[in-house]
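Reading the structure
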Amino acid sequence: MEEQLEKLLRETVDEGLYQIILSNPRDKNGAFKIKIRPVMVKGRLIFQQTTYEGKQVFHENLDQAAVIRRIEVVLERDFKQCEVSHQGCRAVVLVSKKGKMTISKKIESTEKEAAAGRAVKLAHNRKKQYILQEGIPVPFLIDLGVQTREGKIVHARYDKFKQINRFLEFIEDILPTLSKENTVHIIDFGCGKSYLTFAIYYYLHELRGYDVEITGLDLKEDVITNCNALSQKYGYDKLHFIKGDIAEYEEESTVDMVVTLHACDTATDYALAKAVEWGAKVILSVPCCQHEINRQIHNEALSPLLKYGIIKERLSALVTDALRANLLEASGYETSILEFIDMEHTPKNLLIRAVRKSGGDGNKQQRVRQEADEVMRLLHVDPTLNRLI
C-alpha cells in the first residue's frame, strides 16, 4: 500500500494540484492540520506547506521530492487522513489505528482536460480553490440562486458564494473537535434563508461523512416553511427548521456546535449564553447591530473620541465583541476573533470562534474574568452576556 501512496503522490504532486489536506491527527496536542498547495516563485514550481498548530500557523516551501517524503512521513507518524484535490482526480487516504492504509481515487476529468489544466500558470495570486467548487452543481446553491443548473456562479451572487466557502473553511478548521462516531448536534440561531445552514449540512454529511443533526431557528414563519421544504426535497432527514425566539429556546439539552450569524444586538448574547449552558464544543458567531454598549459606554478620558457618533458606534461594536470573546474565554473556551469576509463587502465582518477546552485552567479563567470586569467598570458598561453567564 505504501507503493500505491507513493504512486498517487507522484501522479498528483505537480502543477495540476489544487491542494492536499492532512487531517485527523493522532496527537491532539500537536498540529491539527496541514495544507499543501503549488506556487510558482521566480519561475520555479514549489509546494507551500501550511501547518496549523493551536493558534499558530507555520509556512514552509518544499520541492516535489521533499513534499512527497513529508506526506509519507506524517501519514505514518502524525495524521490519519489525507485528501488530494487535483485537476485530474480526487483521492482520499485513510490510515487506521493499526496503521492499515486504504486509498480511494476518483477521476475528475479526461486526460486531455487534465493535460490542458496543467498548462495553467501558477503564482501566489493563483485563482482560489473553494471547498464548494465552481462548475460543480450543488442543489441548495441552485435553489437559493447562487448557482445555475450547470454549476456556474451567478455573477450577482458571487459574494455570497465566497462567504459560504469562507465559512466552510472555519468549519474545516474545527473538524478535529467533532466526533465521527456519534451524532453531532448543531443549532443555527437566527438562520434566516439558511445559506450557511444548508452548507454546513452538505459539507459535514455529504462531503465529510459525519452523522449530523442540525436545527435552524428563526422568527420568520415563511422562511422556516421554505427551508423545511428544501430540506425535504434534498432528502436531508436530519436538517430541520423551526420558528422560535433565541432567548426562549429550551428544546435541547446537549449541543455540540452553536452557530449564530448576524443575530441582531443582544440576540447574539442569548445564543452565546445558551451555548455555554449546554457546554457546546464549538461556537461560531458573526455578531450584528451591537447597539447595547453604544447606549451605555461612558468614560471622561475617552470623551474626545466618543463625541463623534460614527467613532462611538464602531468603538462600541469592537468593545462588545472583545468582551464577548473574553467572557467566553473565562467560561472555559479558547477564543479567537477572525475576519469573516472582506471589509469591502460588509462592515459586519468579524467572526468569534470559541472551542471548549478539556480540563480548563481555572486560574487563567479567573484572571480573564477579572480583566473583563475591569474594562466594563472603566467604560461603565454591563453587556447582556455578562448578566447571563
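Here the structure is a predicted model, which is why all the values come from computation and not from measurement. (Residues numbered from 1 in each chain as written. Predicted model: local features only at pLDDT ≥ 70, side-chain atom pairs only at ≥ 80, totals over all residues. Heavy atoms only, no water.)

Next up on the list: the overall build of the chain. Scanning the chain from terminus to terminus reveals 13 helices and 14 strands. Rg of the C-alpha trace for the chain: 23 Å, near the compact-globule value of 21 Å for 389 residues, within the 12% margin. The principal-axis extents of the C-alpha atoms in the chain amount to approximately 65 × 45 × 45 Å. Counting across all 389 residues of the chain, residues that qualify as buried make up 48%. Long-range pairs, those at least 24 residues apart, make up 65% of the contacts in the chain between residues at least 6 apart in sequence. Accessible surface, the chain: about 19,800 Å² in total, of which carbon and sulfur atoms supply 49%. Of the side chains in the chain, 55 bear a positive and 56 a negative charge, and the two mean positions are spaced by 4 Å. (Helix = DSSP H or I, 4+ residues; strand = E, 2+ residues; numbered from the N terminus. Rg over C-alpha atoms; globule rule 2.2 N^0.38 Å. Buried < 20%, exposed > 50% of the residue type's maximum accessible area, 1.4 Å probe, protein only. Contact = heavy atoms within 4.5 Å. Areas by Shrake-Rupley, 256 points an atom, 1.4 Å probe, with all protein chains shown as cover. Lys, Arg positive; Asp, Glu negative; His and termini not counted. Charge placed at Lys NZ, Arg CZ, Asp CG, Glu CD.)

Side chains that differ in sign of charge can pair as their charged atoms come close. Going through the model one piece at a time under the given rule, you end up with 26 salt bridges. One salt bridge in this structure joins Glu6 and Arg10, with 3.1 Å as the shortest N-O distance. Remark: Arg10 and Glu6 occur in helix α1 (residues 2-12); sequence separation between them is four residues, near one turn of the helix. With a shortest N-O distance of 4.0 Å, Arg295 and Asp265 are connected by a salt bridge. Linking Arg295 in helix α9 (residues 292-296) with Asp265 in the loop between β11 (257-264) and α8 (267-278), this pair joins segments that are 30 residues apart in sequence. On the basis of relative accessible area, Arg295 is assigned to the exposed category, the value being 61%. Its relative accessible area of 15% is what places Asp265 among the buried residues. Each of Lys33, Lys35, Glu172, Asp173 and Arg353 takes part in salt bridges that share partners, so that together they form one network. (Salt bridge = Lys/Arg side-chain N within 4 Å of Asp/Glu carboxyl O.)

On to helix α12 (residues 362-379). End to end, α12 covers 26 Å across 18 residues, agreeing with the expected 26 Å (1.5 Å per residue, within 8%). Residues of α12 that are buried include every one of Gln365, Val368, Ala372, Met376 and Leu379, and no others. The buried residues of α12 all sit within an arc of 80 degrees when viewed along its axis, so they share a single face. Turned more than 90 degrees away from the buried face of α12 sit Asn363 and Arg377, all of them exposed. Summarising the contacts, the buried residues of α12 are in contact with α9, α11 (309-330) and α13 (384-388). Among the residues trailing α12, His380 stands out with phi positive, at a value near 55 degrees. (Expected span 1.5 Å × (residues − 1). Arc of directions from axis to C-beta.)

Here the second largest pocket is characterised by a volume of approximately 580 Å³. For the lining of the second largest pocket, the elements supplying multiple residues, two or more each, are α5 (158-173), α6 (195-207), β9 (212-218) and β11. If one sorts the elements of the lining of the second largest pocket by residue count, β11 sits on top with four residues. Each residue belonging to the lining of the second largest pocket can be placed in one class, and the counts come to 13 nonpolar, eight polar and six charged. (1 Å grid on protein atoms, 1.4 Å probe; cavity = no way out; pocket = protein on both sides within 12 Å on 5 of 7 lines; lining within 4 Å. Points joined across faces, edges and corners; volume = space filled by probe spheres on them. Nonpolar A, V, L, I, M, F, W, Y, C, P; charged D, E, K, R; others polar.)

Moving on to the pairing of strand β1 (residues 17-25). Pairing geometry for β1 and strand β5 (residues 79-86), over seven bridges, is antiparallel. Of the residues in β5, the one forming a bridge with Ile21 is Glu83. Looking at chain direction, β1 and strand β2 (residues 33-41) are connected through three bridges and run antiparallel. Counterpart to Ile20 in the pairing with β2 is Ile36. (Pairing = 2+ DSSP bridges.)

The next subject is the pairing of β2. Residues in a regular strand project their side chains so that they alternate between the two faces of the sheet. Looking at chain direction, β2 and strand β3 (residues 44-53) are connected through nine bridges and run antiparallel. Paired with Lys33 across the bridge in β3 is Tyr52.

Pairing is mixed across the open sheet formed by seven strands, whose spatial order is β10-β9-β8-β11-β12-β14-β13. The open sheet has two edge strands, β10 (239-243) and β13 (333-339), and neither has a second partner. This sheet shows a mean twist of 15 degrees between the axes of neighbouring strands, independent of strand direction. Pairing analysis gives five bridges linking β9 to β10, with the strands arranged parallel. (Axes fitted to C-alpha atoms, helices over the stretch in contact; angles between N-to-C directions.)

Let us now look at the packing of aromatic side chains. On inspection of all chains with the given rule, the structure shows 15 aromatic pairs. A network of ring pairs unites the aromatic residues Phe140, Phe198, Tyr201, Tyr202, Tyr234, Tyr236 and Phe241 as a single cluster. Residue placement shows Lys160 over the ring face of Tyr195; its charged tip is 4.6 Å from the ring centre. Between the NZ or CZ atom of Lys180 and the centre of the ring of Tyr210, over which it lies, the distance is 4.6 Å. (Phe/Tyr/Trp six-rings, centres within 6.5 Å; stacked < 30°, edge-to-face > 60°. Lys NZ or Arg CZ within 6 Å of the ring centre and 35° of its normal.)

Looking at the element boundaries, Leu385 is found in helix α13. Taking C-alpha positions, Leu385 is 22 Å from Gly216, a pair spaced 169 residues apart along the chain. Once residues lying within four places of it in the same chain are set aside, the contact partners of Leu385 are Asp269, Leu272, Ala273, Arg324 and Leu327.

With that settled, the discussion passes to the environment of Ile164. If you trace the backbone, Ile164 turns up in helix α5. Residues Ile164 and Ile200, 36 residues apart in the sequence, show an inter-C-alpha distance of 9.1 Å. Ignoring anything within four residues of it in the chain, the contact list for Ile164 reads Leu132, Leu141, Tyr195, Leu196 and Ala199.

This part is about a nonpolar patch on the surface. Taken together, the side chains of Leu305, Tyr308, Ile310 and Ile311 make up a nonpolar region of the molecular surface, amounting to roughly 380 Å² of accessible area. Positionally, Ile310 belongs in helix α11. Assessed through its relative accessible area of 48%, Ile310 is described here as partly exposed. (Patch = residues over 30% accessible without salt bridge, like charges linked within 9 Å, V, L, I, M, F, W, Y side chains within 5 Å.)

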